[in-house]
Amino acid sequence: MTLPSWQDRKKYGGMVRAALWLETEVGEGKIFTKARLREAFPDDQQIDRRVRDLRDRGWRIDTSRDDPSLKQEEQRYVHKGAEVWLPGQNKGPAHKNSLTAAQRNKVMLADNLLCRTCGVGAGESYGDGIETSKLNVSRRKVRLADGTVEVQLVTECQRCSAGSVDREAGLDELLTAVSALTELERKVLSGWIEADRRTLSALEKLWGFYRTMPAASREAVAKAVNAEGK
C-alpha cells in the first residue's frame, strides 16, 4: 500500500508527518539523528516532542538510554506502532490527557523539583558539558502489591523521560534487586536514599563526555586509556 506524503502539511499534523517520514525516509531498524529530523521539519519547533508522542501509540524509537550503542544525538526507529495517518488511529492512551499547570506544579513540588529517576534539579548540568536539565511530568506504570497496575505522575528530566517508555516499576522486583547488592553497594544506595538524589561520580561524568565525542576522538581516548593501563 502506498503511504501518504509526509510533506502534506495541509492534511496532516506534525506527529502524523513524523510517522510517515520515519516509514518512508528512515525505515525500520535504521538510525537517524536529531539534526536530520529537524532539517526535515524546519518549521516545527516541537518535532522532537511529536516523535516522542508516537511512542504512546506503540511506536518504538530508541535513544542512547535504551541502546548504549547509539550516540547521544542518534535514535533508532525500531518498529511501527499504530498507523496514525488512518482515521481513528492517532488517539493516545486515556491516561495521557494533558495536565493543567496547577497539576504539574503539584507533582514537581511533591518531588522537591528533582528528577525522580536521576535526581538532577531543574537547570542543573549533567556533568558532561552538553546540556542542562529540563524537568517535566511523566506517567509511570507502577505495579501494586495486589498485582494491579496504575499510572502515577512523576517528575523526570528530558534525558530520563526519553528512555522511560514501557517502564514499569514494581516493589517486589526492586526489593529482590536490593537483596542482591553487596555491602558497599548498599551503603552507596543508602546515601542516595538519604539525600533523595543520586550524584554522578567523576568517572560517570567522564563517560558521558566521552560518549558525545566523534568516532575518531573516542578511538584516541580508547588508545590513551589502554596505553595507561599497560
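In case you missed it, the structure is sitting above this.
The structure contained in this document is the topic of the report that follows. (Residues numbered from 1 in each chain as written. Predicted model: local features only at pLDDT ≥ 70, side-chain atom pairs only at ≥ 80, totals over all residues. Heavy atoms only, no water.)

## Re the nonpolar core
Rules: Note on terminology: a nonpolar core comprises buried Ala, Val, Leu, Ile, Met, Phe, Trp, Tyr and Cys residues joined through side-chain atoms within 4.5 Å. Three labels apply to residues, based on accessible area from a 1.4 Å probe with only protein chains included: buried if under 20% of the type maximum, exposed if over 50%, partly exposed otherwise in between. Put simply, DSSP H or I for four residues or longer makes a helix, DSSP E for two residues or longer makes a strand, and each gets a number counted from the N terminus. Residues are treated as being in contact if the distance between any of their heavy atoms lies within 4.5 Å.
Counting 22 residues, the largest nonpolar core has Leu 22, Leu 54, Trp 59 and Val 84 as the members making the most contacts within it. If you list the elements that add at least two residues to this core, you get helix H1 (14-26) and helix H3 (47-55). If one sorts the elements of this core by residue count, H1 sits on top with eight residues. Beyond its immediate sequence surroundings of up to four residues, Val 84 is in contact with Met 15, Val 16, Ala 19, Leu 54, Arg 57, Trp 59, Gln 89 and Asn 90. Core analysis: the next-biggest nonpolar cluster, separate from the first, contains 11 residues, Val 107, Met 108, Val 120 and Cys 157 among them.

## Considering the pairing of strand S5 (residues 149-157)
Looking down a regular strand, the side chains alternate between one sheet face and the other. Using the following cut-off: Pairing between two strands requires that DSSP report at least two bridges joining them.
Note that strand S4 (residues 135-143) and S5 share nine bridges and pair antiparallel. Its bridge partner lying in S5, Asn 136 is registered against Glu 156. As consecutive antiparallel partners, S4 and S5 are separated by five residues, and within that stretch Gly 147 has a phi angle of approximately 95°, a positive value.

## Considerations on the pairing of strand S3 (residues 74-79)
Two strands pair when backbone bridges link them, and strand S1 (residues 30-33) and S3 are joined in this way by four bridges, in the antiparallel orientation. What sits directly across from Lys 30, in S3, is Tyr 77. In this structure, strand S2 (residues 60-62) lies alongside S3, joined through three bridges in antiparallel fashion. By the bridge assignment for S3, Arg 60 is matched with His 79.

## Description of helix H7 (residues 183-195)
Test applied: A helix is expected to span 1.5 Å multiplied by its residue count minus one.
Its 13 residues give H7 an end-to-end C-alpha distance of 19 Å, which sits within 8% of 18 Å, the value for a rise of 1.5 Å per residue. Phi for Asp 196, located one or two positions after H7, is positive at around 60°.

## Description of the side chain of Arg 140
As a reminder, the rule being used: We define a polar contact as two N or O atoms separated by no more than 3.5 Å, with the added condition that, inside protein, one atom must be a possible hydrogen donor and the other a possible acceptor, whereas residues neighbouring each other in sequence contribute only through side-chain atom pairs.
Along the chain, Arg 140 turns up in strand S4. Within the local environment of Arg 140, its side chain forms a polar contact with the side chain of Glu 156, the two groups lying 3.0 Å apart.

## Regarding the sheet that holds S2
Defined as follows: Where helices are involved, their axes are fitted lines through C-alpha atoms of the stretch in contact, as for all axes, and angles between N-to-C directions lie from 0 to 180°.
Taken in spatial order, the three strands line up as S1-S3-S2 in an open sheet, and their pairing is antiparallel. Edge positions in the sheet fall to S1 and S2, since each of these pairs with one other strand and no more. Across the sheet, the axes of successive neighbouring strands diverge by a mean angle of 30°, strand direction being ignored. H1 contacts S1, S2 and S3 of the sheet and is inclined by roughly 120° relative to S1.

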